[in-house]
Amino acid sequence: MLRNPFRDLDQKKLRRSSDALKTQNDYYKIVNKRIGVFALVIILVFSIVVVRLAFLQIRGEETYTAKLESYTSKKQTDMTPRGMIYDRNGKVVAGTVSALNITYFPPKNTTSDEQWELAQKFAKQFKTNHDRFTLSDYQDAYLYLHTDANGKKDNGNNLLSGDELNLGSADAEKLKRERITQEMVEKEFSEEDLNAYAIFGAMRRAPSSQLKVVLEDVDKEIVYYLEEHKDEYPGFDVDMGGWKREYPYGSTFRDVLGGVSTSVQGVPSELKTYYEAKGYSMVDRVGTSGLEKQYEDLLTGTRKVSEITYDENGIAVLNEINSGKKGYDLHMSIDIELQKKVDDVLEKVLKNASNDSRRQYFKNAYVILINPQTGEIYAMSGKAKGDDGKITNFATGNYKAGVVPGSIVKGATVYMGLTEGVIDANTIFIDAPIEFKGSQKKASYQNHGPVNAVKALSVSSNVYMWYTVMALAGVNYVPKGPLIVNDYAGIVRLMRSYYSMFGLGTSTGLDVPDETSTSFVGNSTDVGKFLDFAIGQYDLYTPIQIAQYVSTLANGGKKVQPKLVNTATEVNSDYVVYKNETTILSTLKGKESDLDVVRAGFHQCVLDGNCGGAIKSLPYDIAAKTGTAESAEHGGKTTNAALIGWAPYENPTLAFVCLAPDSDTNIGTNLAGNICYQEIMPEIIQDFFKKYPIDKKD
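Residues numbered from 1 in each chain as written. Predicted model: local features only at pLDDT ≥ 70, side-chain atom pairs only at ≥ 80, totals over all residues. Heavy atoms only, no water.

1. Let's talk about the overall build of the protein
Secondary structure assignment for the protein yields 24 helices and 20 strands. A total of 698 residues make up the protein; the buried ones form 48% of that total. The contacts in the protein between residues at least 6 apart in sequence include a share of 70% that link residues at least 24 apart. Of the roughly 34500 Å² of accessible surface on the protein, a fraction of 50% belongs to carbon and sulfur atoms. (Helix = DSSP H or I, 4+ residues; strand = E, 2+ residues; numbered from the N terminus. Buried < 20%, exposed > 50% of the residue type's maximum accessible area, 1.4 Å probe, protein only. Contact = heavy atoms within 4.5 Å. Areas by Shrake-Rupley, 256 points an atom, 1.4 Å probe, with all protein chains shown as cover.)

Written as structure tokens, this is what we have:
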């Protein structure tokens, strides 16, 4: 029988009650009641636990099984094919086509030495090479392959002195790499070793638990052999779903399209950090320059996901669980056929110039064709001739190379004078040489006598521009007197602010990753330099900045952001996922009538034949302006040629820029002339309007 633990307590209570002292208490009844309560509580708790366990085992089985698999399984992600790039007419400019790639995934428990032996065997069998080695690759090869006098690998410690061996690992590594050159690596190691290391490096590319592409776009013979001898090359396989870039138009516009790396591992360190932060794997392919880099987020697809398992031999098996999605397609504003035509014209004139001693320094030429209303670029061509006479594409020079523009900026100078109120449309200055104390005479190419603003632009009067900015600076010109400017820095700032309203000297917003925002900004303290500035002989501008400038004149004062890409669409679909809308960055602050004066001056330049007879004879209503600038190159022996303009004069659909640095000599009277209006632009303008017709002039 159970002892009642409450008996003593109950007895004490009974003794305190005279009425209950003799009452017999039923101890068994009290105990059983209390035990019943405890038992009920315990049964209830266990019931809850049982129900919960049943729920977890039956209802939540799938969820928790999936979580377990997720925590314990390994995944592999691979890039899907990149989106295509089309021109404005739907022609493929950068295509994505299937390719056979050789991949490697390290088997379980494989060692570095085993991988090196396998790499040597692979490189010898498939005759690989190391022609893509960078300096970093050569340094990696040296640090891995170099051995000491006893034949033991020493990680390049032979390159450090005794004290340097005690440096921290990062500092020691930096010193070693600084001392390793390509020449010393090629001298110490054989071609076979370096070819094998090219494979070895690809096999060991980080991260270790990811599939690596070892060889791209291989011949079918290699695939057949590897498939037949797969047991001899554990970890190697063939990726039938590989891809590569294909360029149907060859090198045309290639430098602007940009490049795609074989992996993030191979890109510059600052880009590597950027892509890592965006979640890229070190083996992912990425855009490294040009439009490929600018539109990486659109062009790259959604990654394919595979689950990694191992067979009985420890070889990785990838089972696809998510097929991913191909990247979006880009549609450019560029007309690739027109681009090719402009390239051909520039290449032809550069070749012909080789036979003209007056053009012996002519090495570069640029042309931009742009819609001034929308900012769409139809063609953006650049050519560069090397010292060996070889001519290569340099379209990127249109937003990277600075050029002394010359007289083409006079439109901005006149507009500034009109807006600031120092001249009006009827203001006349006498175009005759001016001279200051202690300096040589300054003059236009020839004396034009009395000219107003429109005629000054037509005949390209330097003197008119000088009188305009002297009035702006409060200078009272006295022949042979001193040139005194009270606030030289202020007047230069004012001039730059006006030129920037048109896009000169500022970033245009072109959709490329590396546009030069400013080319060269003069900082001379010579007060006479602001006169040179007024005629385009001080700051340097890129061709795309000049294109934005002439577009602003053409469209009535709106500074429009230029663009190379119009839209992005789903693969094999017209569904637009991105649209690069026309963007008006700013509008000129002056009166419309002031801009009309400038536009009339450009129009008159063509009508008077001052922009070249070939331009005047074209059957289109064109406004234009020529430019000639002394170049600082080649000892001051050369001049730059320029031509800008638009057509038709009212409601234009085309604005154009032609720049030909160092294309003429400035010595003597036997000059070659402005090659832009003589040989380049007449043919290009005609070709443009054959494709995009307008009404011809009466």
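2. Digging into the pattern of salt bridges
Counted by the stated rule, this structure contains 27 salt bridges. One salt bridge in this structure joins Arg177 and Asp140, with 2.3 Å as the shortest N-O distance. In this pair, Arg177 is assigned in helix H6 (residues 169-179) and Asp140 in helix H5 (residues 135-145), connecting sequence segments 37 residues apart. On the basis of relative accessible area, Arg177 is assigned to the partly exposed category, the value being 21%. (Salt bridge = Lys/Arg side-chain N within 4 Å of Asp/Glu carboxyl O.)

3. Here's the deal with the state of the cysteines
All chains considered together, the criterion is met by 2 disulfides. Disulfide pairing places Cys605 opposite Cys611 at an S-S distance of 2.2 Å. For the disulfide bridge between Cys605 and Cys611, the dihedral angle about the S-S bond is near 110 degrees, and by the sign convention the bridge is right-handed. Taking the relative accessible area as the measure of exposure, Cys605 reaches 0% and is therefore buried. Covalent S-S linkage joins Cys658 and Cys676, the inter-sulfur distance amounting to 2.2 Å. Looking along the S-S bond of the Cys658-Cys676 disulfide, the torsion reads about -80 degrees, which is the left-handed sense. With Cys658 in strand E20 (residues 654-665) and Cys676 in helix H24 (residues 675-691), this residue pair connects regions lying 18 residues apart in the sequence. Cys658 gets classed as buried once you look at its relative accessible area, which sits at 0%. Of the residues examined, Cys676 reaches a relative accessible area of 0% and is grouped as buried. With cysteine numbering restricted to those in disulfides and following the sequence, the protein has the pairing 1-2, 3-4. (Disulfide = S-S within 2.5 Å.)

4. Here's the deal with the sheet that holds strand E18 (residues 623-630)
Taken together, the 6 strands give an open sheet; going across it, the order is E11-E10-E9-E20-E19-E18, and neighbouring strands pair in antiparallel fashion. Pairing within the sheet leaves two strands with one partner each, and these edge strands are strand E11 (391-393) and E18. For this sheet, the mean angle separating the axes of adjacent strands, direction not counted, is 15 degrees. When strand E19 (residues 638-647) meets E20, the two strands line up antiparallel, connected through 9 bridges. Residue pairing in the sheet places Ala647 in a bridge with Leu654 of E20. Running at roughly 25 degrees to strand E10 (residues 377-385), helix H14 (residues 336-353) makes contact with strand E9 (364-370), E10 and E11 of the sheet. Against the sheet, helix H21 (residues 543-554) makes contact with E9, E10, E19 and E20, and its axis sits at roughly 135 degrees relative to E20, the strand it touches most. (Pairing = 2+ DSSP bridges. Axes fitted to C-alpha atoms, helices over the stretch in contact; angles between N-to-C directions.)

5. Some words on the side chain of Asn101
If you trace the backbone, Asn101 turns up in strand E3 (residues 92-104). A relative accessible area of 4% means that Asn101 is categorised as buried. A polar side-chain atom of Asn101 sits 2.9 Å from the main-chain amide nitrogen of Asp217. (Polar contact = N/O pair within 3.5 Å; in protein donor to acceptor, adjacent residues only side chain to side chain.)

6. Side note on the nonpolar core
In terms of nonpolar packing, the biggest core is built from 93 residues, with Phe253, Phe530 and Leu564 touching the most fellow members. With residues near it in sequence (within four places) discarded, Phe253 still touches Met332, Ile334, Ile336, Gln339, Met380, Asn393, Ala395 and Leu564. Counting residues in hydrophobic clusters, the runner-up holds 38 residues, among them Leu338, Ala379, Leu618 and Ala647. (Core = buried A, V, L, I, M, F, W, Y, C linked by side-chain atoms within 4.5 Å.)

7. Looking at unusual backbone geometry
In this model, Ala647 is joined to Pro648 through a cis peptide bond whose omega is -15 degrees. Of note, Pro648 is situated in the loop between E19 and E20. One non-glycine residue, Asn572, lies in the positive phi region at around 55 degrees. For Asn572, the location among the structural elements is in the loop between strand E15 (565-569) and strand E16 (576-579).

8. Some points on a negative patch on the surface
Side chains of Glu183, Glu186, Glu191 and Glu192 sit close together on the surface and give a patch of like negative charge. Of all the elements in the fold, those that place two or more residues in the negative patch are helix H7 (182-188) and helix H8 (191-203). Here Glu191 shows up in helix H8. (Patch = residues over 30% accessible without salt bridge, like charges linked within 9 Å, V, L, I, M, F, W, Y side chains within 5 Å. Lys, Arg positive; Asp, Glu negative; His and termini not counted. Charge placed at Lys NZ, Arg CZ, Asp CG, Glu CD.)

9. Section: the environment of Ala198
For Ala198, the position within the fold is in helix H8. Spatially, the C-alpha atoms of Ala198 and Asp137 are 8.1 Å apart, while their sequence positions differ by 61 residues.

10. Regarding the packing of helix H16 (residues 410-420) against helix H22 (residues 592-607)
Axis separation between H16 and H22 bottoms out at 9 Å; the angle between their running directions is 150 degrees. Taken as axis vectors, H16 and H22 run roughly antiparallel relative to one another. Like other packed secondary-structure pairs, H16 and H22 cross with a definite hand, here right-handed. Between H16, through Gly411, Val414, Tyr415, Leu418 and Thr419, and H22, the contact on the second element is made entirely by Asp594, Leu595, Val597, Val598 and Phe602. Of the residues in the contact of H16 with H22, the class split is 7 nonpolar, 2 polar and 1 charged. (Parallel < 35°, antiparallel > 145°, perpendicular 65-115°, else oblique. Left-handed = near helix turned anticlockwise from the far one by under 90°. Nonpolar A, V, L, I, M, F, W, Y, C, P; charged D, E, K, R; others polar.)

11. Let's talk about the side chain of Asp539
Note that Asp539 resides in the loop between helix H20 (529-534) and H21. Exposure remark for Asp539: the relative accessible area of 4% places this residue in the buried category. Within the structure, Asp539 has its side chain in polar contact with the side chain of Arg496 (distance 2.8 Å).

12. Observations concerning the packing of helix H4 (residues 112-126) against H8
Running from amino to carboxyl end, H4 crosses H8 at an angle of 125 degrees, the nearest separation of the two axes being 8 Å. Our classification of the angle between H4 and H8 gives oblique. Crossing of H4 against H8: the hand is right-handed. Contacts between H4 and H8 involve Ser112, Gln115, Trp116, Leu118, Ala119, Gln120, Phe122 and Ala123 on the former and, on the latter, Asp193, Asn195, Ala196, Tyr197, Ile199, Phe200 and Met203. Residue composition of the contact of H4 with H8, grouped by class: 10 nonpolar, 4 polar and 1 charged.

Keep in mind that these numbers describe shape and distance, not what the molecule does.
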